[in-house]
Amino acid sequence: MGWFKNSFFSVEGKSVKVPQGLWVKCEHCAEIIYKKELERDLEVCPKCSYHFRLPAFERINMLFDKDTFEEFDPLVGPTDPLGFKDIKKYKDKIKSYQKKTGQKDALISGLGCINGRKVMTAVFDFAFMGGSMGAVVGEKITRVFERALDKRCGVITFTASGGARMQEGILSLMQMAKTAAAAGRLKEAGLPFISVLTDPTTGGVTASFAMLGDIIVAEPGALIGFAGPRVIAQTIKQTLPEGFQRAEYILEHGMIDMIVERKNMKESLGRLLEYLG
Amino acid sequence: MQRLDFESAVEKIEDKIERLKIASGQDKASTEEEIQKLEQKAAKILSNIYSKLTPWQITQVARHPQRPYTMDYIQNIFTEFMELHGDRCFSDDPAMLCGLAKFNGDPVVVMGQQKGRTIKEKVRYNFGMPHPEGFRKSLRIMELAERFSLPVFTFIDTPGAYPGVGAEERGQSEAIAANLMKMSGLRTPIISTVIGEGGSGGALAIGVADRVLMLEFATYSVISPEGCAAILWKDGTKGSLAANALKIDAASLLKSGVVDAVVPEPAGGAHRNPGDTFNNLKACLTEVFSEIKHTTVDKLVKNRYNKFRSLGLFTEE
């Protein structure tokens, strides 16, 4: 599959001069890791267990049974409702991220099987504008919930997002209401919704459907919160507690059900679906 | 009256009116005519200034320290207000004011973020920024409204949900998310009005309504102009650029379909003439409420879902 190759080799290769793509530096512990080893370990640092951020299709490939995944709505693409321009034009940013990721926007949705159980899914790609939720992401997630309702099927979402997409203004805020409302309908119908929070999940995504899962799972070390740590530190003018907003910290504070390592994710999700299915 | 920097053209006249009012004391008749004339002149100048405000200037009006706050609207539009406290879990958040009241004689539920005027009040109300317990209180009161078939009137005026350690530890995101989900299916009418600052998720958390109104010089935005500027322009002082780009004014919001109606403010903004502002809003609320109060609950909930479902522009080809 073409995308598989692209996604694996698209991250590195810019500033590295020695044999391209052979070695990767861990963002967390700065360890230099042999790329093949990192791949074998599902993009988890063998030294510090940091879970690298994953392109959406790479995650899908890791979790779904072979050849079961069917993508939904691949043609839904972004517009520029405000004619937004900061230092760069939003239109140009979209184009450059589309080129970089080969995707229309920051979310891939579809239907597939996890250990033989059918489930609908929405997977964020942080590499596309920080996984921000604009109209495309909001619409695709809403359609996943609505389709699941229609077909009496469960949903698993994998989030990695800085929050609402500012460049789409107020309409991006409204995606929070839209997705939360759709999640509510699924809940009412008694269909399972499992929310998997990966690094990072913040802002308008956390404060809408992502925190509404029947079960909320997080990857180890993932940053999860409403406000970003920098904003909080600036507001309270104090240093933040150790481990603040990390998956382990918010588990301790009762906000999520469990932390699951990437290597166990497929098996855990399969079991959860068995219980709730 | 604290004057904003773009209002200097009216300064002299307003000062003169003030002086005349003080000087006339008991003997009002002698200066009445002159004051009236001056007031008309001031209103004309102000209308002119306010007809051309930039989004950044509107932001300053929306945040004006003398602008009416939620409690002012409740006391002047509703009667027999009884405040209800607490989220039954952790505490009572003063930044989210909730209670029972009567609207044109009918029992209703009212709620909104509350700001303070004095320094002491500002601290008490946390500058209108609720903690999770504030949102959970509002959720509890909305559920109460649903059980007793009371319509809900919400008033939005917040820089945003509070970004703090405790707020995160107690689940700020979950609290907002729960409100969004509950409101989208709440089986009773909801009317929201953005009266001042509609700041992001903390505003939307009480804004998933059948009808959303907005005062003429209020703002409603996915992020504060300063916050947006800090991220996209890498410079928090570029708020005016961000305010322009984000289109956070009432006219833009009406056009986008997020807001259903804009409530006119008196010349020079709500803070110059709160009385007229209350009357204008009461008239609008009465009209809007009469539009939806006979709709069946099933239809109401369906329409509300579809209203928010339809927001967002994308291509599909």
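On a predicted model such as this, the values are computed, not experimentally measured, just so you know.

Caption draft 1: Examining the packing of helix 6 (residues 170-188) of chain A against helix 14 (residues 297-309) of chain B more closely. Relative orientation of the contacting elements helix 6 of chain A and helix 14 of chain B amounts to 135°, with a least axis distance of 8 Å. When the axes of helix 6 of chain A and helix 14 of chain B are compared, the pair comes out oblique. Once helix 6 of chain A is placed against helix 14 of chain B, the crossing between them reads as left-handed. Along its contact with helix 6 of chain A, which presents Met174(A), Ala177(A), Lys178(A), Ala181(A), Ala182(A) and Arg185(A), the element helix 14 of chain B presents Tyr305(B), Phe308(B) and Arg309(B).

Caption draft 2: Here's a closer look at the pattern of salt bridges. Within the structure shown, the criterion is met by 39 salt bridges over all chains. Glu139(A) is the partner of Arg143(A) in a salt bridge, and the nearest nitrogen-oxygen pair spans 2.9 Å. Here the residue Arg143(A) and the residue Glu139(A) both occupy positions in helix 5 (residues 135-151), the gap between them amounting to 4 residues, near one helical turn. Notably, a salt bridge pairs Asp92(B) with Lys137(B), separated by 2.7 Å at the nearest N-O pair. Of this pair, Asp92(B) sits in the loop between strand 1 (79-84) and strand 2 (96-103) while Lys137(B) is found in helix 6 (residues 132-147), placing the two residues 45 residues apart along the sequence. Of the residues examined, Asp92(B) reaches a relative accessible area of 31% and is grouped as partly exposed. Sharing partners across several salt bridges, the network here consists of Asp73(A), Glu139(A), Arg143(A), Glu146(A), Arg147(A), Lys178(A), Arg309(B) and Glu316(B).

Caption draft 3: Spatial organisation of empty space enclosed by the protein. The final tally for this structure, using the stated rule, is 3 cavities of 30 Å³ or more. Empty space within the largest cavity amounts to approximately 80 Å³. Thr206(A), Met211(A), Ile224(A), Gly225(A), Phe226(A), Ile250(A), Met255(A), Glu168(B), Gly171(B), Gln172(B) and Ser173(B) together form the lining of the largest cavity. When grouped by side-chain class, the residues that make up the lining of the largest cavity number 5 nonpolar, 5 polar and 1 charged. The volume enclosed by the second largest cavity comes to roughly 50 Å³. Together, Arg53(A), Leu54(A), Arg59(A), Phe124(A), Phe126(A), Phe158(A), Thr159(A), Ala160(A), Thr198(A) and Asp199(A) line the second largest cavity.

Caption draft 4: A look at the sheet that holds strand 9 (residues 215-218) of chain A. Residues and elements named next belong to chain A. Taken in spatial order, the 7 strands make up an open sheet running 3-5-6-7-8-9-10, and their pairing is mixed. In this open sheet, the two strands that pair with only one neighbour each are strand 3 (70-72) and strand 10 (258-259). Bridge analysis of strand 9 against strand 10 gives 2 bridges, and the strand direction is parallel. In the sheet register, Ala 218 faces strand 10, and the bridge partner there is Ile 259. Contacting strand 3, strand 5 (107-114), strand 6 (117-124), strand 7 (155-161) and strand 8 (193-201), helix 3 (residues 56-63) crosses the sheet at an angle of about 5° to strand 5. Across the sheet, helix 5 is in contact with strand 3, strand 5, strand 6, strand 7 and strand 8; its angle to strand 6 comes to roughly 170°.

Cut-offs used in this document
- Residues numbered from 1 in each chain as written.
- Chains lettered and ligands numbered in written order.
- Predicted model: local features only at pLDDT ≥ 70, side-chain atom pairs only at ≥ 80, totals over all residues.
- Heavy atoms only, no water.
- Axes fitted to C-alpha atoms, helices over the stretch in contact; angles between N-to-C directions.
- Helix = DSSP H or I, 4+ residues; strand = E, 2+ residues; numbered from the N terminus.
- Parallel < 35°, antiparallel > 145°, perpendicular 65-115°, else oblique.
- Left-handed = near helix turned anticlockwise from the far one by under 90°.
- Contact = heavy atoms within 4.5 Å.
- Salt bridge = Lys/Arg side-chain N within 4 Å of Asp/Glu carboxyl O.
- Buried < 20%, exposed > 50% of the residue type's maximum accessible area, 1.4 Å probe, protein only.
- 1 Å grid on protein atoms, 1.4 Å probe; cavity = no way out; pocket = protein on both sides within 12 Å on 5 of 7 lines; lining within 4 Å.
- Points joined across faces, edges and corners; volume = space filled by probe spheres on them.
- Nonpolar A, V, L, I, M, F, W, Y, C, P; charged D, E, K, R; others polar.
- Pairing = 2+ DSSP bridges.

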